Every structure is written in structure tokens, then in C-alpha cells.
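Next come the chains, spelled out residue by residue.
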Amino acid sequence: MTDPVNNQPVLGGLRQWFDPEKQPTVGRTPDYRFSLANERTFLAWIRTGLALIAGGLACAQFLPPLPVAYLREVIAIALLLLGGMVALRAVDHWARTERAMRLGRELPGSKFPAILAIVVAAGALLLVVAVVIKAVE
Amino acid sequence: MSPDPGASAERTRMAWRRTGLSATAVGLLAARPAFRPDAGVPAWLVAATAMFGWVALIALAYRRSYALGRTPPQPARRAVPVYALITAALAALGGLVVML
């Protein structure tokens, strides 16, 4: 049995991004306040993504060349990749939540916030180590 | 009952506006290399594309704000995925900015 909320085929998932309620029309229209709350959550994630993108661009333009070759560019690209991923994950989660609300199901859970937190923390730790090694040398 | 219980339409409108401000920061940072004295055609093209994406994001937010002003407010549809895809495209464009 496939779960229509979580086990969408890839194309169906993409279609769901653009039409979360019409593939096919399922369930009942939820109270618009719930839909707007879902939309604000999406926007908060988009701002997170935009902040990561802005951070990547700022790294590339404002950091002096770092002692390790291309480290500045690697940091910038990593932040840009993270930002893009956050944006795409945000719309996917928005569509799945919208659908779950229409069907009266449990809202989809997500490991993404935890993964993002761990990735950002690991990146920060790596940079701290790099700075300490440079200072000791 | 108030026409907008919990002010959810107004809060959503303001969330769109905040997001637009973040998009403005990204657009300006992406366009910045075009203003260097040694900037060439690639930097100009990147800046033009970034500005185009920024205008699209702001326009989407305005359209969405209009739909939120109706009673009852209309839930979002296309605006959300299009906004996210343009944001992802800006991230890709940022990659070009770093490479140039």
C-alpha cells in the first residue's frame, strides 16, 4: 500500500508542489487560518534559505583570500547549496502539509531541521578547528 | 466577529514583506560585482538576471498580498512553488557569481 502523503512518486510530488489540492481534489478545504499558518512556515523557511544564499554571496565578496587555497569559494558554494536545498525542501513540506490538512491526517514530520542544524554546527566546528590550527602554527 | 480573526491574513502579508526584504539583500549582493570597475559582460548579465529574479519575487509577493486582502483570504497556490523555484535559481546564480 502506498501512502499518498509520504510515498508520492517523484513526478506526482512535483505536480503536488503546484497543485496540492487538485491531484485529484481530495478531502475538505481546511480553515483558511491553517493554510495561512502553513504559508507563513514556508515563508520562514524561504527566509532561512535566502539568508544562507546571502551568506554565501557575502563570503565570496567580503572575506579576504583564506590561507587554505579556495577555502573561501568552498564555503560560499556550500552555503549556496544549503540555501537552494532549504528552498526546495520548504515547498515540498508546504505541499505535503497542505495535503495532509485536506485529508485530515497527521501533519508530516520532518528530520530536515535536525539535519540542517547538524550540518551548520559541523561546518562551524570545522572552521573553528581551522582557525585554531592556523593560530597555533 | 472580526473580519480577520487572529489577524492571520495581515501576519501572512507581513511575512511576505519580510521575505521580500531578504530577497532584496540577495539581489543586491548578486548584482554587486557588476559595479566593480573591471566588471565585464558576464558580471552584467548575472546582475541583470538577479534583478529580473528579484522583480519577479517582489511582484509575486504583491499579487499574493492582494489575494490575502479578500474576505475570506484565498489560500496560496502557484505563488508558493514559483517563489521557491526562483529562490533556488538565485542560489544557482550565486554559484556563477562565486565562479566569475
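What counts, and at which threshold
Sequence order sets the numbering: in each chain, residues are counted from 1 along the sequence as written. For naming, the first written chain is A and the first written ligand is 1, with later ones following in the order written. Two thresholds apply to this predicted model, a pLDDT of at least 70 for residue-level local features and 80 or more for giving and counting side-chain atom pairs, whereas whole-chain, interface and lining totals are computed over all residues. We count a stretch as a helix when DSSP gives it H or I for four or more residues in a row; a strand needs E for two or more, and each element gets its number in order from the N terminus. For every residue, the other C-beta atoms within 10 Å of its own C-beta are counted; 20 or more classify it as buried, 12 or fewer as exposed, and values in between as partly exposed. C-beta atoms are placed from the backbone. The contact criterion used is a C-beta to C-beta distance within 7 Å, with each C-beta placed from the backbone. Only C-alpha atoms enter the radius of gyration, while the globule expectation follows 2.2 Å times N to the 0.38, with N the number of residues. Put simply, Ala, Val, Leu, Ile, Met, Phe, Trp, Tyr, Cys and Pro go in the nonpolar bin, Asp, Glu, Lys and Arg in the charged bin, and everything else, Gly too, in the polar bin. Definition of nonpolar core: a set of buried Ala, Val, Leu, Ile, Met, Phe, Trp, Tyr and Cys residues joined via C-beta atoms within 7 Å. For every residue, the predictor assigns a confidence score, pLDDT, that lies between 0 and 100. Each axis is a line fitted through C-alpha atoms, taken for helices only over the stretch in contact, and angles between the N-to-C directions span 0 to 180 degrees. Comment on the angle field: the value is read as roughly parallel under 35 degrees, roughly antiparallel over 145, roughly perpendicular from 65 to 115, and oblique elsewhere. Working rule for handedness: look at the near helix, and if it is turned counterclockwise from the far one by less than a right angle, call the crossing left-handed; if clockwise, right-handed. Here a helix's expected span is defined as the number of its residues, less one, multiplied by 1.5 Å.

A few points about the overall build of chain A
The helix and strand tally for chain A stands at four helices and zero strands. Listing the helices and strands of chain A from first to last along the sequence gives α-α-α-α. The burial tally for chain A puts 30% of its 137 residues in the buried class. By sequence separation, contacts in chain A at least 24 residues apart represent 70% of the contacts at least 6 residues apart.

Overview of the overall build of chain B
The secondary structure content of chain B amounts to three helices and zero strands. When the helices and strands of chain B are read in sequence order from the N terminus, they spell out α-α-α. Taking 100 residues into account, the globule formula puts the C-alpha radius of gyration at 13 Å, and chain B, at 17 Å, lies well above it. Oriented by its inertia axes, the alpha-carbon framework of chain B measures out at about 60 × 20 × 15 Å.

Observations concerning the interface of chain B and chain A
At the interface, 34 residues of chain B touch 34 residues of chain A. Among the elements of the structure, α1 (8-31) and α3 (79-99) of chain B are those that each provide at least two residues to the side of chain B that touches chain A. For the side of chain B that touches chain A, the per-class residue count stands at 22 nonpolar, eight polar and four charged.

Considering the nonpolar core
Ranked by internal contacts, the top residues of the largest apolar core, which has 47 residues, are Ile46(A), Ile53(A), Ala90(A), Val26(B) and Ala30(B). Of all the secondary structure elements, the ones that give two or more residues to this core are α2 (32-62) and α3 (71-103) of chain A together with α1, α2 (41-68) and α3 of chain B. Apart from residues lying up to four places away in sequence, Ala90(A) is in contact with Phe42(A), Trp45(A), Ile46(A), Gly49(A) and Ala84(B).

Points about the environment of Asp92(A)
Along the polypeptide, Asp92(A) turns up in helix α3. For Asp92(A) and Phe42(A), which are 50 residues apart along the polypeptide, the C-alpha to C-alpha distance reads 9.4 Å.

Topic: the confidence of the model for chain B
Mean pLDDT over chain B stands at 91; residues scoring 70 or higher make up 98%. ipTM for the predicted complex: 0.93, alongside a pTM of 0.88.

Observations concerning the packing of α2(A) against α3(B)
Relative to each other, α2(A) and α3(B) sit at 10°, their axes nearing to 10 Å. As judged from the angle between their axes, α2(A) and α3(B) are roughly parallel. The residues of α3(B) that touch α2(A), namely those facing Glu39(A), Phe42(A), Ile46(A), Gly49(A), Leu50(A), Ile53(A), Gly56(A), Leu57(A) and Ala60(A), are Val80(B), Tyr83(B), Ala84(B), Thr87(B), Leu90(B), Ala91(B), Gly94(B), Val97(B) and Val98(B). Along the lines of polarity and charge, the residues of the contact of α2(A) with α3(B) split into 13 nonpolar, four polar and one charged.

Considerations on the packing of α2(A) against α1(B)
The contact between α2(A) and α1(B) brings their axes to 9 Å, and the two run at 15°. Taken together, α2(A) and α1(B) sit at an angle that is classed as roughly parallel. Both α2(A) and α1(B) take part in a crossing whose hand is left-handed. Taken together, the residues of the contact of α2(A) with α1(B) break down into 18 nonpolar, five polar and six charged.

With respect to α2(B)
All names here are of chain B. With 28 residues, α2 extends 41 Å from end C-alpha to end C-alpha; this agrees with the ideal 40 Å at 1.5 Å per step. Among the residues of α2, those classed as buried are Val46, Ala47, Ala50, Trp54, Leu57, Leu60, Ala61, Arg64 and Leu68. Contacts made by the buried residues of α2 are with α1 and α3.

Brief notes about the confidence of the model for chain A
Residues and elements named next belong to chain A. Across chain A, the average pLDDT comes to 84, with 85% of residues at 70 or higher. No element of chain A has a lower mean pLDDT than helix α1 (residues 10-18), which averages 69, and none a higher one than α2, which averages 94. Here residues 1-8 is a poorly scored stretch, pLDDT under 50, and it has nine contacts once near neighbours within four places are set aside; other chains count.

Topic: unusual backbone geometry
Glycine aside, the phi torsion of most residues is negative, and most peptide linkages are trans. Along the chain, Thr71(B) connects to Pro72(B) via a cis peptide bond; the corresponding omega equals -5°. For Pro72(B), the location among the structural elements is in the loop between α2 and α3.

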